[in-house]
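So the chains spell out like this:
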Amino acid sequence: MVKNTGRPGYLQIADDLRAQIRGGSLAPGAPLPSTAKLAEQYDASLSVVKLAVGVLRTEGLVIGQQGKGVFVRDTTEQPPPAGGGDTAGEVAELRAAVQDLSLRLAKVEEQLATSTTRRPGRSSR
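A brief structural summary. (Residues numbered from 1 in each chain as written. Predicted model: local features only at pLDDT ≥ 70, side-chain atom pairs only at ≥ 80, totals over all residues. Heavy atoms only, no water.)

Section: the pattern of salt bridges
By the definition in use, this model includes 4 salt bridges. For Asp15, the salt bridge identified is with Arg18, shortest N-O distance 2.7 Å. Separated by 3 residues within a single helix, Asp15 and Arg18 lie in helix H1 (residues 9-23), roughly one turn from each other. Judged by relative accessible area, Arg18 falls into the buried class, the value being 14%. Two residues, Glu59 and Arg18, come together in a salt bridge whose shortest N-O distance is 2.8 Å. Taken as a pair, Glu59 in the loop between helix H3 (46-58) and strand S1 (62-65) and Arg18 in helix H1 lie far apart in primary sequence, 41 residues in all. Given a relative accessible area of 34%, Glu59 falls into the partly exposed group. Each of Arg7, Asp15, Arg18 and Glu59 takes part in salt bridges that share partners, so that together they form one network. (Salt bridge = Lys/Arg side-chain N within 4 Å of Asp/Glu carboxyl O. Helix = DSSP H or I, 4+ residues; strand = E, 2+ residues; numbered from the N terminus. Buried < 20%, exposed > 50% of the residue type's maximum accessible area, 1.4 Å probe, protein only.)

What follows is the structure, encoded as structure tokens:
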């Protein structure tokens, strides 16, 4: 089913699965076919199918359950479409987390530098 259009195969598969989800043929709560079945259906490799499912996960259309499979999310639970959500708030949270991690890393590096300078005679091999 993946065509030689210049558009990556994983995006073509994601487009088709997205259309099935939005069209209702894959209902909320329904499991997606296994990766192997999707690979056979689309005549694509497992890695290409996994990338396609990853796109749908990122978009919030499907959710994976360890050991059970990947399921279509309930549309009432879906995050707002791109651009309609609180992207600025999410970016601010990410920036704060990165800043916190940077400070913590700087402290660890400082502690490491101090602990290595206290041990004269030890080689740093």
